[in-house]
Amino acid sequence: MKIKNFTSLVNDVKKKGLFHLLSARILLRVLGFGSVLFVAKFLSPVELGQIRTMQSFSMLALIVAGFGFNISVLKLCSEKRPLEEKSSILRQNIKFSFASTAVSLLTLFLLAKFKVLSPDDSINQMLPIFMLSIPAGVITSILSNYLQALKEIKKMATVQIIFRTIGIVSLILLTYLFGIWGYIISSVTISYLLLPFVYKFIKQFITGSKKVASKLIFQKSFYLAKWSVAANVIERLTRSMDILILNFLIADRIGFGYYSLATIFLVPLREITKSIREVALPYFSEKQNDRKEFNRVLKKYRKLMLLQSIGIAALSSIAVPLIIYLFFGEEYYSVNSYFFVLVIGFIFHSNIALLSTSLIALGMMKFNFISTTIYLPLSLVFNYVLISYLGLIGAAIAQTFTSLAAMFIIIIISKKAINKHFDSVEEKILQGENQN
């Protein structure tokens, strides 16, 4: 990439608020890593594995609970509409999420009660309490996506800084005082205590002077949501496949804890990828009727994504071993081996992340669902076979193989989907011109 073009790209994304959002995310992840280091000191490797397992189940339940209505808000409110209409869409989608949240909580509770989710009795006992943060998580996600749709990136970053900083301090303190139960109590209570702060930042963008027919909103929202929730559940299953299968196959729960810590080190890397996706989506959505402009914006952001993923992967490969050495000691050195394999998969994943985002912007989540349903069984086979033969390192290799396969699948399917969308748009324009 030419220096001039790269400078232009950096200045452009800076204006859109990406660096503000990234700086906020980096600050939060520095604090978050501090909390991980402290929590790891306060908890045993076995308890770390238990927390990672509960997080995997809760994240799946959170996606089902939200039922994709957060994506509906993001898509519909990023289109050119009056603010009053966007406010109505927000309110209606929050109401729509109540039923799916109730079903999700009940299902997770019953699965834990009858010990379906894990052979570890402690996980089955703690999960019903841990999952109580899900309703607050659903509402927070919808409100955050509303700010994102309005391109209020700086305000969204401010909300996240306040929200997460208080949560991290609470997490460290209660974990220190009460161990793993303190971690669980903090995760649940802080999610509800901070909801009023989130609303305070967002209420200026909510008006009540115009309403849109509930039936019309529901039809549009449900169409977008059903494909979104299906794709996201499968995507989350794929991403968590290593943890879910290790939960059942691995008897070495201490080693499982070390592997879980390696996956935690991937979280800040994925947050940077997520930040770029959040900034890019509204701009993709605005270009949904212009093939040339859409492809230009998509190409620009994909270049940025590729540069950041390679750079961050290289830096983290140096930083993680140093952190392990300074804070954890020799017994945790196996974490490095798992991380080095997993970070390669991170590069593959980042390379196609914006293609999935672009399909959301075009309202074509159906094709994301098709992609995920293809590589989910591959993930299941890779993880089961490699974990059975190679153990914990096999899980890391399986996740990287899955990311590589997903990269090729998404590139092929997204290209066809994007062309199909713009062929349809141009055909409608041509028909209108002929009629005139």
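Along each chain, the written sequence defines residue order, and numbers are assigned to residues from 1. Restriction of local features to residues with pLDDT of at least 70 applies here, the model being predicted, together with a cutoff of 80 or more for giving and counting side-chain atom pairs; totals for whole chains, interfaces and linings are based on all residues. Excluded from the side-chain calculations are hydrogens and water; all other atoms, namely the structure's heavy atoms, are used.

(A) Representation of the packing of helix H14 (residues 291–327) against helix H15 (residues 334–361). Convention adopted: a line fitted to C-alpha atoms gives each axis, helices being fitted over their contacting stretch, and angles between N-to-C directions are expressed from 0 to 180 degrees. The secondary structure listing takes helices from DSSP runs of H or I that are at least 4 residues long and strands from runs of E that are at least 2 residues long, numbered from the N terminus. Contact geometry of H14 with H15 gives a least axis separation of 9 Å together with a crossing angle of 165°. It follows from the interaxial angle that H14 and H15 lie roughly antiparallel. The two elements H14 and H15 cross, and the hand of that crossing is right-handed. Gly counts as polar in this scheme, as do all residues outside two lists: the nonpolar Ala, Val, Leu, Ile, Met, Phe, Trp, Tyr, Cys and Pro, and the charged Asp, Glu, Lys and Arg. Residue composition of the contact of H14 with H15, by class: 20 nonpolar, eight polar and one charged. Throughout this description, any angle smaller than 35 degrees is read as roughly parallel, any larger than 145 degrees as roughly antiparallel, any in the 65 to 115 degree range as roughly perpendicular, and the remainder as oblique. In this scheme the handedness of a crossing depends on how the near helix is turned from the far one: anticlockwise by less than a right angle means left-handed, clockwise means right-handed.

(B) Looking closely at the nonpolar core. Note on terminology: a nonpolar core comprises buried Ala, Val, Leu, Ile, Met, Phe, Trp, Tyr and Cys residues joined through side-chain atoms within 4.5 Å. Exposure is judged per residue with a 1.4 Å probe applied to protein chains only, and the accessible area is read against the type maximum: over 50% gives exposed, under 20% gives buried, and values in between give partly exposed. Membership of the largest hydrophobic core comes to 78 residues, with the highest contact counts inside it found for Tyr146, Phe284 and Tyr301. At eight residues, the largest contribution of residues to this core is made by helix H17 (residues 392–435). In what follows, residue pairs with any heavy atoms lying within 4.5 Å of each other are defined as contacts. Excluding residues within four positions of it along the chain, Phe284 makes contact with Phe294, Val297, Leu298, Tyr301, Leu354, Thr357, Ser358 and Ala361. Counting 32 residues, the second largest nonpolar core, distinct from the first, contains Leu48, Phe256, Leu376 and Ala396.

(C) Summary view of helix H13 (residues 267–286). Given a helix with a known number of residues, its expected span is that number minus one, times 1.5 Å. Under the 1.5 Å per step criterion, the end-to-end length of H13 is 29 Å for 20 residues, consistent within 8% with the ideal 28 Å. The largest bend in H13 amounts to roughly 30° and is located at Ala280, with the proline Pro282 lying one to four residues further along. The buried fraction of H13 amounts to 15 of the 20 residues, a majority that puts the element mostly inside the structure. A residue's bend is simply the angle between two axes: one fitted to the seven residues ending at it, one to the seven starting at it.

(D) Structural context of the pattern of salt bridges. Whenever a carboxyl oxygen of Asp or Glu lies within 4 Å of a side-chain nitrogen of Lys or Arg, that contact is scored as a salt bridge. Per the counting criterion, the structure on display carries five salt bridges. Between Lys115 and Asp121 there is a salt bridge whose closest N-O contact spans 3.8 Å. You can call Asp121 partly exposed: its relative accessible area is 39%. With a closest N to O distance of 3.6 Å, Lys287 and Glu293 form a salt bridge. Overall, the relative accessible area of 25% leaves Glu293 in the partly exposed class. Each of Lys287, Glu293 and Arg296 takes part in one network of salt bridges that share partners.

(E) Highlighting the packing of helix H3 (residues 45–66) against helix H7 (residues 134–149). Packing of H3 against H7 leaves a shortest axis separation of 9 Å and a crossing angle of 55°. One way to sum up the angle between H3 and H7 is to call them oblique. Both H3 and H7 take part in a crossing whose hand is right-handed. Between H3, through Ser58, Ala61, Leu62, Ala65 and Gly66, and H7, the contact on the second element is made entirely by Ile134, Gly137 and Val138. The class makeup of the residues in the contact of H3 with H7 is five nonpolar, three polar and no charged.

(F) Structural view of the environment of Leu147. As for its placement among the helices and strands, Leu147 is situated in helix H7. A relative accessible area of 4% means that Leu147 is categorised as buried. Separated by 74 residues in sequence, Leu147 and Val73 place their C-alpha atoms 9.7 Å apart.

(G) Representation of the side chain of Ser58 within the structure. Considering the arrangement of structural elements, one finds Ser58 in helix H3. Under the relative-accessibility criterion, Ser58 is labelled buried at 8%. Discounting chain neighbours no more than four positions away, the residues touching Ser58 are Leu127, Phe130, Met131 and Ile134.

(H) Layout of a nonpolar patch on the surface. A patch is a set of surface residues, each over 30% in relative accessible area and not in a salt bridge, joined within 9 Å for like charges and within 5 Å for the nonpolar side chains Val, Leu, Ile, Met, Phe, Trp and Tyr. Surface accessibility follows the Shrake-Rupley procedure with a 1.4 Å probe radius. Residue values consider only the protein chains on display as shielding. There is a patch of nonpolar side chains on the surface, built from Phe248, Leu249, Val381, Tyr384, Val385, Tyr389 and Leu390 and spanning about 750 Å² of accessible area. Mapped onto the nonpolar patch, the elements with two or more residues apiece are helix H11 (214–249) and helix H16 (365–390). The dominant element in the nonpolar patch, judged by the number of residues it contributes, is H16, at five residues. On the secondary structure map, Tyr384 appears in helix H16.

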